[in-house]
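Here's the letter readout for the chains.
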Amino acid sequence: TQLLEQSPQFLSIQEGENLTVYCNSSSVFSSLQWYRQEPGEGPVLLVTVVTGGEVKKLKRLTFQFGDARKDSSLHITAAQPGDTGLYLCAGTPGDEKLTFGTGTRLTIIP
Amino acid sequence: GAGVSQSPSNKVTEKGKDVELRCDPISGHTALYWYRQRLGQGLEFLIYFQGNSAPDKSGLPSDRFSAERTGESVSTLTIQRTQQEDSAVYLCASSSLSNTGELFFGEGSRLTVL
């Protein structure tokens with residue numbers, strides 16, 4: 001059983017469209033991180049959310065942490081081909097190790 | 001170097017051979033993780049080091065896999081008697097905090113077992 005479930009698993013959309021990907025769990029997290037991984041590289045941290053209900057914006061990317069700190073979403077506005085990659089959420093339930101979600105593979109079609 | 005360094009970047013080996021993968025974390029980072037990523041898949045946790053000790057080895061898939069870390073620095077992941085299903089990218093990451101900080105990843109070691 002995966003602690004962090006991401007949806008959708010795959011998403012392919014046209015350049016300029018908007019999209020939202022989700023990261024859900026039944027566990028409470030003290031914080032959640034979002035990473036993006038491009039082909040041939042390791043994942044790179046995009047943002048960390050720490051407060052329930054928190055919203056963080058990074059240019060066209062908007063990250064939200066659920067009020068109960070069990071879920072998070074990533075919304076991309078006007079997607080660009082450079083947004084293509086594998087998006088991973090990660091969190092630490094309690095005092096355990098950092099756990100990664102199942103991932104969303106995003107493809108933006110020019 | 002400033003980032004996490006992994007070697008070799010690519011390794012092709014024959015089934016049954018042993019392989020050793022190396023990770024040089026960012027200097028001063030106490031936490032070190034190993035993950036496996038099969039083609040088109042997410043990250044599969046293998047092992048976590050805090051300093052030189054490994055409080056969590058739960059992800060190692062079999063007793064053919066082992067890892068060690070010395071001097072709170074370099075770590076090696078050893079796979080004995082490799083099998084074709086071991087083919088994957090092995091990613092190493094380090095963090096300055098125990099288990100909650102940002103992870104900095106290397107570019108991975110791509111292992112192909114023929």
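The structure reproduced in this document is the subject of the present report. Here the residue numbers are simple positions, counted from 1 along each chain's written sequence. Just so you know, chain letters begin at A and ligand numbers begin at 1, following the order they were written in. Per-residue local features of the predicted model are confined to residues with pLDDT of at least 70, and side-chain atom pairs are confined, for both listing and counting, to 80 or more; whole-chain, interface and lining totals are unaffected and use all residues. Side-chain descriptors were evaluated using all non-hydrogen atoms of the structure, hydrogens and water having been removed beforehand.

With that settled, consider the packing of aromatic side chains. Pairing of aromatic rings covers Phe, Tyr and Trp, the last counted by its six-membered ring, and requires centre-to-centre distances within 6.5 Å; plane angles under 30 degrees mean stacked, over 60 mean edge-to-face, and any other angle means tilted. Overall, the coordinates contain nine aromatic pairs over all chains when judged by the stated rule. Judged by centre distance (5.4 Å) and plane angle (50 degrees), the rings of Y35(A) and F100(A) are tilted. Of the two residues, Y35(A) sits in strand β4 (residues 32-37) while F100(A) sits in strand β10 (residues 99-100), which places them 65 residues apart along the sequence. Taken individually, Y35(A) and F100(A) each receive the classification buried, so the pair is uniform in this respect. Arranged with centres 5.2 Å apart and planes meeting at 85 degrees, the rings of F100(A) and Y35(B) form a pair that is edge-to-face. Where helices and strands are cited, they refer to DSSP runs of H or I of at least four residues and of E of at least two residues respectively, numbered from the N terminus. With a 1.4 Å probe rolled over the protein chains alone, any residue whose accessible area is under 20% of its type maximum counts as buried; one over 50% counts as exposed, and the rest are partly exposed.

Let's shift gears to the pairing of strand β4 (residues 31-37) of chain B. Residues and elements named next belong to chain B. The buried fraction of β4 amounts to seven of the seven residues, a majority that puts the element mostly inside the structure. Paired strands are those between which DSSP finds at least two bridges. Strand direction decides the pairing type here: β4 and strand β5 (residues 44-50), joined by six bridges, are antiparallel. Each bridged residue has a counterpart across the sheet, and for R36 the counterpart in β5 is E44. In terms of strand pairing, β4 meets strand β9 (residues 88-95) through seven bridges, oriented antiparallel. Counterpart to Y35 in the pairing with β9 is L91.

This brings us to the interface of chain A and chain B. Counting from both sides, the interface comprises 17 residues of chain A and, opposite them, 20 residues of chain B. The contact between chain A and chain B buries some 1400 Å² in all, and 53% of this surface belongs to carbon and sulfur atoms. Each reported salt bridge corresponds to a side-chain nitrogen of Lys or Arg within 4 Å of a carboxyl oxygen of Asp or Glu. Between the two partners, chain A and chain B, sit zero salt bridges. A 3.5 Å cut-off defines polar contacts: any pair of N or O atoms within that distance qualifies, except that in protein one atom must be a possible hydrogen donor and the other a possible acceptor, and neighbouring residues in sequence count only when both atoms are side-chain atoms. Across the contact surface, chain A and chain B share two residue pairs in polar contact (both at pLDDT 80 or more). Counting residues per element, the ones that place at least two in the side of chain A that touches chain B are β4 and β9 (85-91) of chain A. Among the elements that make up the side of chain A that touches chain B, the one with the highest residue count is β4(A) (three residues). Gly counts as polar in this scheme, as do all residues outside two lists: the nonpolar Ala, Val, Leu, Ile, Met, Phe, Trp, Tyr, Cys and Pro, and the charged Asp, Glu, Lys and Arg. Of the residues contributing to the side of chain A that touches chain B, the split by class is seven nonpolar, six polar and four charged. Residue contacts are defined here by distance: any two heavy atoms, one from each residue, within 4.5 Å place the two residues in contact. Here's the idea: put two parts together, see how much 1.4 Å probe accessible area each one loses, and the total over both is what we call buried area.

Turning to the sheet that holds strand β8 (residues 75-79) of chain B, a few remarks are in order. In a beta sheet, neighbouring strands are held together by backbone hydrogen bonds and run either parallel or antiparallel to one another. All names here are of chain B. With respect to topology, four strands assemble into an open sheet ordered β1-β3-β8-β7, the strand pairing being antiparallel. Of all the strands in the sheet, just β1 (5-7) and β7 (65-69) have a single pairing partner and so form its edges. For this sheet the average axis-to-axis angle between neighbouring strands, irrespective of direction, equals 15 degrees. The angle between two axes is taken between their N-to-C directions and runs from 0 to 180 degrees, where each axis is a line fitted to C-alpha atoms and a helix contributes only its stretch in contact.

Moving on to the side chain of Q37(A). Along the chain, Q37(A) falls in strand β4. One polar contact links Q37(A) to Q37(B), side chain to side chain, over a distance of 2.8 Å. Apart from residues no more than four positions distant in its own chain, Q37(A) is found in contact with G42(A), P43(A), G85(A), L86(A), L88(A), Q37(B) and L91(B).

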